[in-house]
Amino acid sequence: QKEVEQNSGPLSVPEGAIASLNCTYSDRGSQSFFWYRQYSGKSPELIMFIYSNGDKEDGRFTAQLNKASQYVSLLIRDSQPSDSATYLCAVTFSGGFKTIFGAGTRLFVKA
Amino acid sequence: EPEVTQTPSHQVTQMGQEVILRCVPISNHLYFYWYRQILGQKVEFLVSFYNNEISEKSEIFDDQFSVERPDGSNFTLKIRSTKLEDSAMYFCASSDPLVDNEQFFGPGTRLTVL
């Protein structure tokens with residue numbers, strides 16, 4: 001059974017701080033790693049994807065992947081109240097045809 | 001910006017009835033997916049579809065579920081005999097594997113089975 005684990009939170013950070021979100025996955029055959037943001041009652045919105053070990057930066061977001069540790073993280077710099085949402089880690093297997101989501105981490109950014 | 005659309009936004013049905021949820025993927029995408037999310041729970045993969053056939057399906061996607069691409073634009077999920085536990089948000093997604101295989105989600109259909 002392929003699993004994707006996330007701390008459910010809530011994670012609370014002050015405005016302007018760095019939010020750090022973590023995810024582990026069980027299958028070493030995992031190929032692609034995605035971070036989605038989901039506001040209450042809305043659909044998941046893709047923030048970032050990463051395939052290779054190391055860091056990938058896009059604006060205020062940095063994704064980090066460590067395949068040896070089966071760990072992927074998302075850093076949000078200069079957190080804003082509008083970043084308050086549930087962040088979903090997703091891992092793709094099987095040639096990209098199957099994606100497993102973690103349960104999500106709720107983030108609150110306090111103004 | 002192109003987007004995935006889904007209809008209806010909310011569907012209410014009686015237990016045992018058949019429902020069809022409709023999706024229009026992004027036009028140049030080749031891979032299509034259905035997910036569901038029961039209220040307060042995680043997003044669950046149901047099925048992926050490519051080249052007019054199912055590529056992968058989960059254990060949730062049993063014989064009461066089916067998918068179809070009836071024409072060049074629509075992608076549908078049929079639930080043959082709905083159960084109370086089928087009540088959930090159903091999300092359609094599409095991706096272009098030539099562009100990093102990022103999946104773009106539609107707004108969802110809320111299915112309520114009474």
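The structure we're discussing is the one just above.
Residues numbered from 1 in each chain as written. Chains lettered and ligands numbered in written order. Predicted model: local features only at pLDDT ≥ 70, side-chain atom pairs only at ≥ 80, totals over all residues. Heavy atoms only, no water.

A word on the interface of chain B and chain A
Moving on, step 1. Taken together, the contacts link 21 residues of chain B with 20 residues of chain A.
Moving on, step 2. Between chain B and chain A, a total of about 1700 Å² is buried, with carbon and sulfur atoms accounting for 54% of that surface.
Moving on, step 3. By the criterion of area lost to chain A, the three top residues of chain B are B:Lys42, B:Val43 and B:Phe105, representing 27% of everything that side buries.
Moving on, step 4. Our count for the chain B to chain A interface comes out at zero salt bridges.
Moving on, step 5. Where chain B touches chain A, the interface holds five residue pairs in polar contact (both at pLDDT 80 or more).
Moving on, step 6. Among the secondary structure elements, those contributing two or more residues to the side of chain B that touches chain A are strand 4 (31-37), strand 5 (43-50) and strand 6 (53-57) of chain B.
Moving on, step 7. Classifying every residue of the side of chain B that touches chain A by side-chain character gives nine nonpolar, six polar and six charged. (Contact = heavy atoms within 4.5 Å. Buried area = accessible area lost by both parts, 1.4 Å probe. Salt bridge = Lys/Arg side-chain N within 4 Å of Asp/Glu carboxyl O. Polar contact = N/O pair within 3.5 Å; in protein donor to acceptor, adjacent residues only side chain to side chain. Helix = DSSP H or I, 4+ residues; strand = E, 2+ residues; numbered from the N terminus. Nonpolar A, V, L, I, M, F, W, Y, C, P; charged D, E, K, R; others polar.)

Focus on the nonpolar core
Moving on, step 1. A:Trp35, A:Val72, A:Leu74, A:Ile76 and A:Tyr87 are the most contacted members of the largest nonpolar core, which totals 25 residues.
Moving on, step 2. Those elements giving two or more residues to this core turn out to be strand 3 (19-25), strand 4 (32-38), strand 5 (45-50), strand 7 (61-66), strand 8 (71-76), strand 9 (85-93) and strand 11 (105-110) of chain A.
Moving on, step 3. Broken down by element, this core gets its largest block of residues, five residues, from strand 9 of chain A.
Moving on, step 4. Dropping the residues within four chain positions of it, A:Leu74 is found in contact with A:Ala19, A:Ser20, A:Leu21, A:Trp35, A:Ile47, A:Met48, A:Phe61, A:Thr62, A:Ala63 and A:Tyr87.
Moving on, step 5. Counting residues in each nonpolar core, the second largest holds 22 residues, with B:Val4, B:Leu21, B:Leu77 and B:Ile79 among its members. (Core = buried A, V, L, I, M, F, W, Y, C linked by side-chain atoms within 4.5 Å. Buried < 20%, exposed > 50% of the residue type's maximum accessible area, 1.4 Å probe, protein only.)

Here's the deal with the side chain of A:Ser73
All names here are of chain A.
Moving on, step 1. Of note, Ser-73 is situated in strand 8.
Moving on, step 2. For Ser-73, a relative accessible area of 1% translates into the label buried.
Moving on, step 3. Of the polar contacts made by the side chain of Ser-73, one reaches the side chain of Gln-64; its length is 2.8 Å.
Moving on, step 4. For Ser-73, the contacting residues outside a window of four places in its chain are Leu-21, Asn-22, Trp-35, Thr-62, Ala-63 and Gln-64.

Comments concerning the state of the cysteines
Moving on, step 1. The final tally for this structure, using the stated rule, is two disulfides over all chains.
Moving on, step 2. There is a disulfide in this structure between A:Cys23 and A:Cys89, and the S-S distance comes to 2.1 Å. Because the torsion about its S-S bond is -70°, the bridge between A:Cys23 and A:Cys89 counts as left-handed. Taken together, the positions of A:Cys23 in strand 3 and A:Cys89 in strand 9 put the pair 66 residues apart, joining distant regions of the chain. Here A:Cys23 and A:Cys89 have matching classes, each one buried.
Moving on, step 3. Note that B:Cys23 is cross-linked by a disulfide to B:Cys92, the S-S spacing being 1.9 Å. (Disulfide = S-S within 2.5 Å.)

Overview of the sheet that holds strand 1 (residues 5-7) of chain B
Residue and element names in this part refer to chain B.
Moving on, step 1. One open sheet accounts for four strands, arranged 1-3-8-7; its pairing is antiparallel. Because the sheet does not close on itself, it has two edges, and the strands there are strand 1 and strand 7 (65-68). Sheet twist, expressed as the average angle between the axes of neighbouring strands with direction ignored, equals 20°.
Moving on, step 2. When strand 7 meets strand 8 (residues 75-79), the two strands line up antiparallel, connected through four bridges. Of the residues in strand 8, the one forming a bridge with Phe-65 is Ile-79. (Pairing = 2+ DSSP bridges. Axes fitted to C-alpha atoms, helices over the stretch in contact; angles between N-to-C directions.)

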